[in-house]
Amino acid sequence: MVKFDFENSSINERMISEYEEFVQKNHALLHENPDDENKFLGWINLPEKYDREEFERIKKAAKKIRSDSDVLIVIGIGGSYLGARAVIESLTDCFYNMLPSKKRNSPMIIYAGNNLSPNYLNDLMNLIGEKDISLNVISKSGTTTEPAIAFRILREAIESKYGLEEAKKRIYVTTDKEKGALKGLATSEQYETFVIPDNIGGRFSVLTAVGLLPIATAGIDIDKLMQGARDAREKYLDPSVKFNDCYKYAVIRNLLYNSGKKIEILANYEPQLHYFTEWWKQLYGESEGKDGKGIFPAGVDLTTDLHSMGQYIQDGERHLFETVLCVETPKSDIDITEDDENVDGLNYLVGKTLDYVNKKAMEGTIQAHVSGNVPNIMIKIDTLDEENIGHLIYFFEKACAMSGMILDVNPFNQPGVEEYKKNMFKLLEKPGY
C-alpha cells in the first residue's frame, strides 16, 4: 500500500481545489487515445495492455540467463538502465552482487554504457574475469555514444570468449521494433530481441522489456510488479484532484514552485532506495526542465546525508522542499541490547529496535526541516515488495505527466539532451559535424 501525506507541506485542500478544472482538462488529454503511436502516452495503459507473449519470452530468457550466467551486464544509459537498477536495488539484498552465488540464486547484475570512463570499463572486465556472462544491450537507435562503445567492446570480448555462435545465445537486445542500427545488427546476427515501444519514452519505460528483463533475471517477480502498477492505474483513474493523490502531488509541487521553492529533495531512510531516487531524478529532470522552467530534482540518503547536506537543508537558502519516502515496515530489524559498561551511552535505547531509532530520526528531521521553512510531503510505503514498487513507479509517472502539463511544458520530450551531443561530435570530428 502507498499512502500520500501532505500535512506538513504548507499547502491545503482549498489551494489544491483551485486547480480542479485545469487538472480535469489535462486528465482528459492524457486519456484521449493514449495508445496512439504518435504520442508518448503508452505507459498509461501499459499495466493492462502489455504484450503478453513478449512478457513470457522475457521470463523464459531471464530463466536461461540465471541458468548459464554468473553475470548479466546491462548496457544502457538514462532510462535504459536507471529504472531496472532502481527496482533491482530496492527489492534485493543491500549487498546483492557481493553475496555468494548460492545465496544470491541469480547472476550478478552489473551496468555498463552509462559513462565514458576507461577506468570503469577496464575494472568491469577485470571483475568478470573467467565468469560466464550474458549481455543485455538496451538502446532505441544503437548509436547513442556511451552504450554503443560499451557494446562494441563487450561484444568483442564475449565473441572472443565463447566463439561467434555461442556468443549469439548470450546477447539479448532491447531496441526499436523495426528500425535502427541495433535492430539491423540484431536481425543479421539473430540475437534474441525485445521491443522498446514507440509510444513510451525512455524514462517511462521501466515496466517494458527495457526494465523487465534485468529485473526478472535478478529473481524479482515481474507479475507482481505489474500487478502493483495495475492497481495504481485503477487507483489514479479519478479525474478529480480531490480524490487522486498523484494529481495532488503534481499540484502541490507546482504550488510550492510558484511560491519560490525551486528545488525538490527526494529523501529516503533506506539505502536500498538510492537508485530509486536516481530514477526519479531523471524522470522529473528530463520531463520538466525546459523552456527556462522546472523544479530541480535532487536526492538525499538519510540519515547519512544529514551529516553532509543536513546543514544546508536546515539553514541554507529557503528555495527547497522535501518529499520523503517512508518504508513503514523493514524486511528485518535488530534489537538493541544492554552493554554493562555503557561506554557509548546507548543503554537508554535498550529494548528498542534499530528501525524504531531510524523512524525517530526521520520524525525529528521532518520536524526540524518544517520549522526551518522546508515544506514536507511524505509518501508512505508499507513494505518494500514488488507490488508496492510497481505502484510507486506508476504513481510518480502519472504525477510527472500532470505536473509538467500544469507547468506548461511538454513532459515527454528532451530537446536539451541533444545539445551536448552536437558539441561532443564536433570536437571528436565526427563526419557531418
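Use the structure listed above.
Now for a quick tour of the structure.

Here we come to the nonpolar core. Phe276, Trp279 and Phe396 are the most contacted members of the largest nonpolar core, which has 93 residues in total. Sorting elements by how many residues they give to this core places helix α17 (residues 386–407) first, with 13 residues. Apart from the residues lying within four places of it in its own chain, the contact partners of Phe276 are Ala86, Ser90, Leu325, Ile389, Leu392, Ile393 and Phe396. One finds Val71, Met108, Phe151 and Ile171 within the second-largest nonpolar core, a separate group that totals 22 residues.

A few words on the environment of Ile77. Within the element layout of this structure, Ile77 appears in the loop between β2 (71–75) and α5 (82–91). Each residue touching Ile77, except ones within four places of it in the same chain, is listed here: Gly113, Asn114, Thr144, Glu146 and Pro147.

Looking now at the pattern of salt bridges. All chains considered together, the criterion is met by 28 salt bridges. A salt bridge links Glu363 to Lys360; the shortest N-O distance between them is 3.3 Å. Remark: Lys360 and Glu363 occur in helix α16 (residues 354–371); sequence separation between them is three residues, near one turn of the helix. The exposure class of Lys360 is partly exposed, given its relative accessible area of 39%. Salt bridges sharing common partners tie together Lys140, Asp176, Lys177, Lys179 and Asp198.

This part takes up the side chain of Thr92. Mapped onto the elements, Thr92 comes out in the loop between α5 and α6 (101–104). Thr92 gets classed as buried once you look at its relative accessible area, which sits at 10%. Polar side-chain contacts of Thr92 include one of 2.6 Å to the backbone oxygen of Ile88. Those residues in contact with Thr92, other than ones at most four positions away along the chain, are Ala218, Ile220, Gln272 and Lys331.

Attention now goes to the sheet that holds strand β9 (residues 320–327). Strand order in this open sheet of five strands is β1-β10-β9-β7-β8, and the pairing throughout is mixed. In this open sheet, the two strands that pair with only one neighbour each are β1 (2–5) and β8 (296–301). In this sheet, neighbouring strand axes are inclined to one another by 20° on average, regardless of whether the strands run parallel or antiparallel. Contacts from α16 reach β9 and β10 (376–381), with the element oriented near 165° to β9.

Let's shift gears to the packing of aromatic side chains. Taken as a whole, this structure holds 18 aromatic pairs when the rule is applied. Ring geometry for Tyr236 against Phe395: centres 5.6 Å apart, planes inclined by 70°, an arrangement best described as edge-to-face. Residue Tyr236 is found in the loop between α12 (222–235) and α13 (245–258), and its partner Phe395 is found in helix α17; the two are separated by 159 residues along the sequence. Judged by relative accessible area, Tyr236 falls into the buried class, the value being 1%. Measuring from ring centre to ring centre gives 5.5 Å for Trp280 and Tyr284, while their planes differ by 35°; the resulting arrangement is tilted. Remark: Tyr284 and Trp280 occur in helix α14 (residues 274–288); sequence separation between them is four residues, near one turn of the helix. Just as Trp280 is buried, Tyr284 falls in that class too. Among the aromatic side chains, those forming a connected cluster through ring pairs are Phe4, Phe6, Tyr236, Tyr249, Phe276, Trp279, Trp280, Tyr284, Phe395 and Phe396. Sitting over the ring of Tyr275, Arg85 keeps its end group 3.9 Å from the ring centre.

Read from one edge of the open sheet, five strands run β3-β2-β4-β5-β6, paired in parallel fashion. Across the chains shown, the open sheet's two edge strands, defined by having one partner strand only, are β3 (108–112) and β6 (192–195). Between one strand axis and the next, the sheet turns by 20° as a mean value, whatever way the strands run. Two strands pair when backbone bridges link them, and β2 and β3 are joined in this way by five bridges, in the parallel orientation. What sits directly across from Val71, in β3, is Met108. Contacts between helix α10 (residues 181–189) and the sheet are confined to β4 (133–138), β5 (171–175) and β6, with β5 contributing the most and set at about 145° to the helix.

Turning our eyes to something else, we now look at the packing of α5 against α17. Packed helix pairs are characterised by how far apart their axes lie and by the angle those axes make with each other. One can describe the packing of α5 onto α17 by two numbers: an axis separation of 10 Å at closest approach and a directional angle of 150°. Along this stretch, α5 crosses α17, giving a crossing that reads as right-handed. Between α5 and α17, the contacting residues are Val87, Ser90 and Leu91 on the first element and Glu386, Ile389 and Ile393 on the second.

Turning our attention to α16. Here α16 contains 18 residues, and its C-alpha end-to-end distance of 26 Å stays within 8% of the 26 Å for a straight helix at 1.5 Å per residue. Those residues of α16 not exposed but buried are Asp355, Asn358, Lys359, Met362, Thr365, Ile366 and His369. Considered in projection along α16, the buried side chains sweep an arc of 125° and stay on one side of the axis. Residues of α16 that are exposed and angled more than 90 degrees away from the buried face: Gln367 and Ser371. Those residues of α16 that are buried lie in contact with α15 (310–315), β9 and β10. Two residues or fewer after α16 comes Asn373, characterised by a positive phi angle close to 70°.

Calculation notes
- Residues numbered from 1 in each chain as written.
- Predicted model: local features only at pLDDT ≥ 70, side-chain atom pairs only at ≥ 80, totals over all residues.
- Heavy atoms only, no water.
- Core = buried A, V, L, I, M, F, W, Y, C linked by side-chain atoms within 4.5 Å.
- Buried < 20%, exposed > 50% of the residue type's maximum accessible area, 1.4 Å probe, protein only.
- Helix = DSSP H or I, 4+ residues; strand = E, 2+ residues; numbered from the N terminus.
- Contact = heavy atoms within 4.5 Å.
- Salt bridge = Lys/Arg side-chain N within 4 Å of Asp/Glu carboxyl O.
- Polar contact = N/O pair within 3.5 Å; in protein donor to acceptor, adjacent residues only side chain to side chain.
- Pairing = 2+ DSSP bridges.
- Axes fitted to C-alpha atoms, helices over the stretch in contact; angles between N-to-C directions.
- Phe/Tyr/Trp six-rings, centres within 6.5 Å; stacked < 30°, edge-to-face > 60°.
- Lys NZ or Arg CZ within 6 Å of the ring centre and 35° of its normal.
- Left-handed = near helix turned anticlockwise from the far one by under 90°.
- Expected span 1.5 Å × (residues − 1).
- Arc of directions from axis to C-beta.

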